[in-house]
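The residues making up each chain are set out below.
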Amino acid sequence: METNSFKGFVTRHWYKLIVAAAILMELVVFLFYGEESYIQIHDNLDLFIPHFRMMELNDAWFKHGVTLPMLHGINRDLLGSEFLLYNVLYEIFEPFTAYITGYFLKLIIGTGSFILLFRDVYREEYKDNRMAAPIIWLVGFSYSLIPVFPTYGIAFTSIPLIVLLIRRLYFATDKKTIALLLTGIFLYPILSYFSYFGFFILCLYALFILFIMIRDRKLHLRMILGAATLSVGYIVFEYRLFASMLLDDTVTIRSTMERADLSLSEALLSGLRELTGASFHNQDSHGILIIFIAAIGLIVINAHYIKSRQIGLVLKDPVNLNALLIIFNCLIFGLCSYVPFRGLLEFLLPPLKGFDFSRFAFLNPFLWYTLTALIILRLIKVPDPENTIVSTGRKMGATALSLALLMVVMLWPQVYNDFYYTVYNQAYIAIKEKDTSTLNYREFYSEPLFDRLKQDVGIGEDDWCVAYGLHPGVLIYNGIPTLDGYLGMYPQEYKDIWCEIEEPAFAGSPSLKEYYTTWGARVCIYSGSDENTYAPLRKLELNDKSLKVNYEPLKALGLKYIISRVEFDNSYEYPLSPVGEYTDESSPYTIYVYEAK
């Protein structure tokens, strides 16, 4: 009896057990290895984590009118909001705990919101078709696993939730339900981020309102109120961002950032690449399996419409509408690199000059996984009222596709797949009995080493430092004031000073000169030989070990120490005094400290 009961439980809930097992497996890996996990460094550990750590060390999360010890003193308002859920984790926990907690919250919120949305759309089928729930759960969990920009992972995977709230608002009839939905819409920006998602969600929301007003021939005040409520939510919870954009007249590096200038054919090709793959921050693994599911599904579905002469249904089918929206976003992504198109947008929307409209593509991960779920659900849809049995082959095909998708997203080596790289690197170390070239979380920040260095050297809160041979974020994380750093918006005046500092290096580094002068977010001392001096490698082997800077403007900023992984072979050319060489058994770094005289 107990055996049959257990077998029945497994039969009914096998897909939930798979999801639970996958979450448990990842949790065990990250808990077991802890800070020895291999977390993506580029545009992750070198960027927002040091910012959050700096705000915590300076008790600045909720402060106003203060500067923080990075880039010679940066306005607190240029950093993250204290109200966004992901950021709140860093207000509560130590950074690594916050990072891992944020990762698993992304899984829970992504899976939950995807399931809730599809249960609402396919309410009857979800109850009546035993295969619908497994498909929705497995595709939804795969969606939650997408290896996208970690700081905005929750923002990526919570998009189904705002779609659900807007959908329910449209169908709601009683005032209490409407009030609850508006409250949820107002609070949603806590999970999101305006610059990456909010603006584009609001654009599509406005188009939806326009569409239903034309179709239904009525004003739909409730939906307009929902859009206004969502807008106010973004303004309230990201008030620092809006104050910096609208109320501060300081000229920032956004004014000199250059976008790619492509021909029309090159721009369209760029959009095609986004369609078949994905750009750096939103690599959602769709180019590996989903795009083939989508292509076959679209061909079969539309061939059926053509064969049965139901052409009018083509543009009404949600699968086709979803695919068209993906194509539209990819088209915008590409055309934003085409100057005439960009100029047209700036002419039509002058207040948004310089705004990155290509981020419409950040909505595509949600659309790709929605498209996949819609197509796989077609496999198990009952063909007609007289034939109420779905064939075993179609059930097996739907299950196999859903499981294959889960395996691809979980185990494919995408940029931000921290689980994969932790398992891979730890397995490599165990099998080969030697370290990998990359650094784990603990090694990258090397807190014991820098704690001792700060104490021995006596670095105080007014002792401005710069890094060489490592990311400035390492110093920032360890509470060392820096003249360098990584930030996407700071005063243009400071960038001009740094261009003067870097002039000797840029003379021999044309690619690094272009990299900094046309973008400028990564402020650091660059190599004079086009080498990457801040690559987070276990062994940093540079051919050029010389320091090339304009010393006077650097010293005028208050330079006290240069903290370097490289022992300069030309330090005698500058008024620099070697202070000491520092190592620690827990760190791969050998650090050389030079004092500015």
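Sequence order sets the numbering: in each chain, residues are counted from 1 along the sequence as written. Confidence filtering applies because this is a predicted model: local features only for residues at pLDDT of at least 70, side-chain atom pairs given and counted only at 80 or more, and all residues used for totals across whole chains, interfaces and linings. Side-chain numbers come from the whole structure's heavy atoms, not from hydrogens or water.

Asker: How do you make sense of the pattern of salt bridges when you look at a structure like this?
Answerer: One side chain can pair with another of opposite charge once the charged atoms of both are near each other. Any Lys or Arg side-chain nitrogen located within 4 Å of an Asp or Glu carboxyl oxygen qualifies as a salt bridge. This model, assessed by the stated rule, comprises 22 salt bridges. A salt bridge links Asp46 to Arg522; the shortest N-O distance between them is 2.9 Å. Placement of the pair is Asp46 in the loop between helix 2 (41-45) and helix 3 (48-57) and Arg522 in strand 5 (residues 522-523), with a sequence separation of 476 residues. Neither Asp46 nor Arg522 differs from the other in exposure class; each is buried. Between Glu82 and Arg240 there is a salt bridge, with the nearest N and O atoms lying 2.9 Å from each other. Separated by 158 residues along the polypeptide, Glu82 in the loop between strand 2 (74-75) and helix 4 (85-92) and Arg240 in helix 13 (residues 239-246) bring together distant segments of the chain. Given a relative accessible area of 2%, Arg240 falls into the buried group. Three or more residues are tied together by salt bridges with common partners; here these are Arg76, Asp77, Glu82 and Arg240. Secondary structure elements follow DSSP: runs of H or I of four or more residues count as helices, runs of E of two or more count as strands, with numbering from the N terminus. Only protein chains enter the accessibility calculation, which uses a 1.4 Å probe. A residue is then buried if its area is under 20% of the maximum for its type, exposed if over 50%, and partly exposed in between.

Asker: Is there a simple way to think about the packing of aromatic side chains in this case?
Answerer: Working definition: an aromatic ring pair is given by the centre-to-centre distance plus the angle between the planes. Pairing of aromatic rings covers Phe, Tyr and the six-membered ring of Trp, with a centre-to-centre limit of 6.5 Å; geometry is then stacked below 30 degrees between planes, edge-to-face above 60, and tilted otherwise. One pass over the full model with this rule turns up 63 aromatic pairs. Considering the side-chain rings of Phe48 and Phe149, the 5.8 Å spacing of their centres and the 55° angle between planes classify their relative orientation as tilted. Within this pair, whereas Phe48 is found in helix 3, its partner Phe149 is found in the loop between helix 7 (132-144) and helix 8 (153-157), the two being separated by 101 residues in sequence. By relative accessible area, which is 17% here, Phe48 ends up buried. Under the relative-accessibility criterion, Phe149 is labelled buried at 1%. Look at NZ for Lys and CZ for Arg. If either is within 6 Å of the ring centre and within 35 degrees of the ring normal, a charge sits over the ring. Here the guanidinium or amino end of Arg53 rests over the ring plane of Tyr477, the centre of that ring lying 5.1 Å away. Its guanidinium or amino end placed over the ring of Tyr486, Arg522 lies 4.3 Å from that ring's centre, counting from NZ or CZ.

Asker: So what exactly am I meant to see when it comes to the state of the cysteines here?
Answerer: In a disulfide, the sulfur atoms of two cysteines are held together by a covalent bond. By convention in this document, the label disulfide applies to cysteine sulfur atom pairs within 2.5 Å. If you walk through the whole model with that rule in mind, you get zero disulfides. The thiol sulfur of Cys203 is not disulfide-bonded, and the nearest other cysteine sulfur, from Cys336, lies at 12 Å.

Asker: Just checking my understanding: could you explain the pairing of strand 3 (residues 464-468) for this structure?
Answerer: One face of the sheet, then the other: side chains in a regular strand alternate in exactly this way. When you tally the buried positions in strand 3, you get five out of five residues, the bulk of the element. Every second residue of strand 3 is oriented toward a common face, with Trp464, Val466 and Tyr468 on one face and Cys465 and Ala467 on the other, all of them buried.

Asker: Looking at this model, I keep getting lost on helix 3. Mind explaining?
Answerer: By the criterion of burial, helix 3 is predominantly enclosed, with eight of the 10 residues buried. Those residues of helix 3 lying buried are Phe48, Ile49, Pro50, His51, Phe52, Arg53, Met54 and Met55. Count one or two residues on from helix 3 and you reach Asp59, which has phi positive near 50°.

Asker: Help me understand the nonpolar core, please; the structure alone is not making it clear to me.
Answerer: Side chains that are nonpolar tend, in soluble globular proteins, to be buried together. By size, the foremost hydrophobic cluster in this structure holds 187 residues, and its most contacted members are Phe197, Tyr369, Phe450, Trp498 and Ile563. In terms of residue count, the dominant contributor to this core is helix 5 (residues 95-121) (12 residues). With near-sequence residues (within four places) excluded, Trp498 lies in contact with Val466, Leu483, Asp484, Tyr516, Val523, Cys524, Ile525, Leu554 and Leu557. Among buried residues, those of type Ala, Val, Leu, Ile, Met, Phe, Trp, Tyr and Cys that are joined through side-chain atoms within 4.5 Å constitute a nonpolar core. We call two residues in contact when some of their heavy atoms are within 4.5 Å.

Asker: Just to check I follow, could you spell out the sheet that holds strand 6 (residues 559-564) for this structure?
Answerer: By way of backbone hydrogen bonds, the strands of a sheet pair with one another, either parallel or antiparallel. For two strands to pair, DSSP has to find at least two bridges joining them. Taken in spatial order, the four strands make up an open sheet running 3-6-8-7, and their pairing is mixed. Looking at strand neighbours, the two that pair on one side only are strand 3 and strand 7 (576-582), the edges of this open sheet. For this sheet the average axis-to-axis angle between neighbouring strands, irrespective of direction, equals 20°. Sheet analysis places strand 7 next to strand 8 (residues 591-596), joined by six bridges and oriented antiparallel. Residue Pro578 lies in a different strand from strand 8, and its bridge partner there is Tyr594. Together, strand 6, strand 7 and strand 8 form the strand contacts of helix 22 (residues 447-457), whose direction differs from that of strand 7 by roughly 135°. Orientation is described by lines fitted to C-alpha atoms, with helices fitted over the stretch in contact, and by angles between N-to-C directions that extend from 0 to 180 degrees.

Asker: Could you clarify how one ought to interpret unusual backbone geometry in this entry?
Answerer: Most of the time, phi is negative for any residue but glycine, and the peptide bond is trans. For Glu433, which is not a glycine, the phi torsion comes out positive at approximately 55°. Here Glu433 lies in the loop between helix 20 (418-432) and helix 21 (441-445). In this structure, Ser446 takes a positive phi of about 45° despite not being glycine. Within the secondary structure layout, Ser446 lies in the loop between helix 21 and helix 22. Here Ser446 falls in the buried class, since its relative accessible area comes to 1%.

Asker: How do you make sense of the packing of helix 3 against helix 4 when you look at a structure like this?
Answerer: Their axes nearest at 9 Å, the elements helix 3 and helix 4 cross at an angle of 50°. Judged by the inter-axis angle, helix 3 sits oblique to helix 4. Crossing handedness for the pair helix 3 and helix 4: right-handed. Only Tyr86, Asn87, Tyr90 and Glu91 of helix 4 make contact with helix 3, whose side of the interface consists of Ile49, Phe52 and Glu56. Nonpolar residues are Ala, Val, Leu, Ile, Met, Phe, Trp, Tyr, Cys and Pro. Charged residues are Asp, Glu, Lys and Arg, and all others, Gly as well, are polar. For the contact of helix 3 with helix 4, the residue count by class is four nonpolar, one polar and two charged. Oblique is the label for any angle not covered by the other classes, which are roughly parallel (under 35 degrees), roughly antiparallel (over 145) and roughly perpendicular (65 to 115). By definition, turning the near helix anticlockwise from the far helix through less than a right angle yields a left-handed crossing, and turning it clockwise yields a right-handed one.

Asker: I keep staring at the environment of Ile563 and nothing clicks. Help me out?
Answerer: Tracing the sequence through the fold places Ile563 in strand 6. Ile563 gets classed as buried once you look at its relative accessible area, which sits at 0%. For the pair Ile563 and Val579, spaced 16 residues apart in sequence, the C-alpha to C-alpha distance is 10.0 Å. Filtering out sequence-adjacent residues up to four positions away, Ile563 remains in contact with Phe450, Leu453, Ile459, Cys465, Val466, Ala467, Tyr468, Leu470, Leu475, Ile480, Ile591 and Tyr592.

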